Every structure is written in structure tokens, then in C-alpha cells.
Amino acid sequence: MRKEDCYLLGKITRRHGLAGNVILKLDTDQPELYNKLESIFVEINGLLVPFFIAKSAWSKNDALNIAFKNSSEALVDQSLGKDVYLPLSTLPKLTGKQFYYHEIIGYNIHDENDNDCGVIRSVNDQTAQTYFITNLDGKEVVIPVIKDWIIEVNREERYIKMHLPEGLIDVFLVPSKKDE
């Protein structure tokens, strides 16, 4: 399995108990979708290693207590602190204005007048307000992701049309290092 064919599910944060169980902290808005996992891929030394799950139970709202099938203590130790992935094919298909952050990288942002507002390079969801980071004419632009602003997600032509308040692009235009 290649990392490009997977999405980040979370991270194995620590051991739990003496039986070789681990805690998997999920990085998702819908943890309930993952209560029946059969296997996961753990990134160890740059490779995705499959781990098969014997049983799992909720530790917290967004963390699973997992027991692996046929895994050695050494392999469990190697999994600690590592990222966990699942194949993209396991994600349900989204339609309409819904999207996964990983799927829209490379999409263009257009305002309601079809003006180009840049190409999405990444999505930052680690702050109170999630935002797109786009590249427009060699400059970085930060565009808040607000559901009510999204007019259309066109998967065929790879763009998102948004209602952007007048002057927003100018306000959120991040100067490049050489402009300062």
C-alpha cells in the first residue's frame, strides 16, 4: 500500500494496560465511522505496515483502545507515536458541496463572478477557523472555509465556487518574504 493511496486516520499515542493494547487517537470529525476497524496501516520507517485488529473499544470519544492480532511486543513498541492510515477507497463518496480536505488540493477557487482566487495548496484545520491556503500570482492567499460561502464544488473541472466578501482576497493576501 502506498501512502498516496491512503488518508491519515490518526496516531498511536501510547500503550494501554499490560496485554499489548494501544490507544489510537483519531483525527476525524466522525469517529463513530471507525468503531468496526478490521485493520490499519501504521507508518514505520517510511513504510505502511498492516496491523490486523483482534478487538477494539472506545477509550474516549475520539480514541480507540486496540488489541492487535499476532503482533509481537517489539512491533507494538515500533507502532508507538506513529501515524495510522486507511485506504482512500474506504471513504464514502461525497456529493454536492461536501468534500474531503485531501481531495480538493489542486482545485481552483473562484468567486461568484468566476474570478480566479488561486489554487488550493493546503487546508489548515488546526486553528479555530479552518482555511484554504491558495497560491495566486505567486502569492499566498488565506481563504476561510465557511460552509455558507461555498456555492459549488465541481469535481469534474476541479474548482470550488465561493461567495467571497468584497476585498477579502486583498485582506488575506500574505506578502511573500521578498515583498517585506
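We now turn to the structure provided with this report. All values reported here derive from a predicted model rather than from experimental measurement.

**Some words on the overall build of the chain**
Helix and strand content of the chain: two helices and 13 strands. The C-alpha atoms of the chain give 20 Å as radius of gyration, which overshoots the globular expectation for 180 residues (16 Å, by more than 25%). When the backbone C-alpha atoms are referred to their principal axes, the chain occupies close to 60 × 40 × 30 Å. Taken across its 180 residues, the chain has 38% of its residues classed as buried. Across the chain, the fraction of contacts at a sequence separation of at least 24, relative to all contacts at a separation of at least 6, is 53%. Carbon and sulfur atoms provide 49% of the accessible area of the chain, an area that totals close to 11200 Å². Positive and negative charge centroids in the chain, built from 21 and 27 side chains respectively, lie 9 Å apart.

**Overview of the pattern of salt bridges**
Enumeration according to the criterion identifies ten salt bridges in this entry. Of the charged contacts, one joins Arg-15 and Asp-77 as a salt bridge, the two residues approaching to 2.7 Å between their closest N and O atoms. Here Arg-15, found in strand E1 (residues 6-16), pairs with Asp-77, found in helix H1 (residues 73-79); they are 62 residues apart in sequence, far enough to count as distant. Asp-77 gets classed as partly exposed once you look at its relative accessible area, which sits at 41%.

Rules used in this analysis
- Per chain, the residues get numbers from 1 upward, laid out in the order the sequence is written.
- Where local features are concerned, this predicted model is filtered to residues with pLDDT of at least 70; where side-chain atom pairs are given and counted, the filter is 80 or more; whole-chain, interface and lining totals use all residues.
- To get the side-chain values, take all heavy atoms of the structure and skip hydrogens and water.
- Labels follow the DSSP assignment, with helices taken as runs of H or I lasting at least four residues and strands as runs of E lasting at least two, numbered in each case from the N terminus.
- The quantity called the radius of gyration is restricted to C-alpha atoms. Its globule counterpart is 2.2 Å times the number of residues to the power 0.38.
- Each residue gets one of three labels from its accessible area relative to the maximum for its type: buried under 20%, exposed over 50%, partly exposed in between, using a 1.4 Å probe on protein chains only.
- Residue contacts are counted whenever heavy atoms from the two residues lie within 4.5 Å of one another.
- Surface exposure here means Shrake-Rupley accessible area, sampled with a 1.4 Å probe, where a residue is shielded only by the protein chains that are shown.
- Residues counted as positive are Lys and Arg, residues counted as negative are Asp and Glu, and His and the chain ends are not counted.
- To locate a charge, take NZ of a lysine, CZ of an arginine, CG of an aspartate or CD of a glutamate.
- By definition, a salt bridge exists where a carboxyl oxygen of Asp or Glu is found within 4 Å of a side-chain nitrogen of Lys or Arg.

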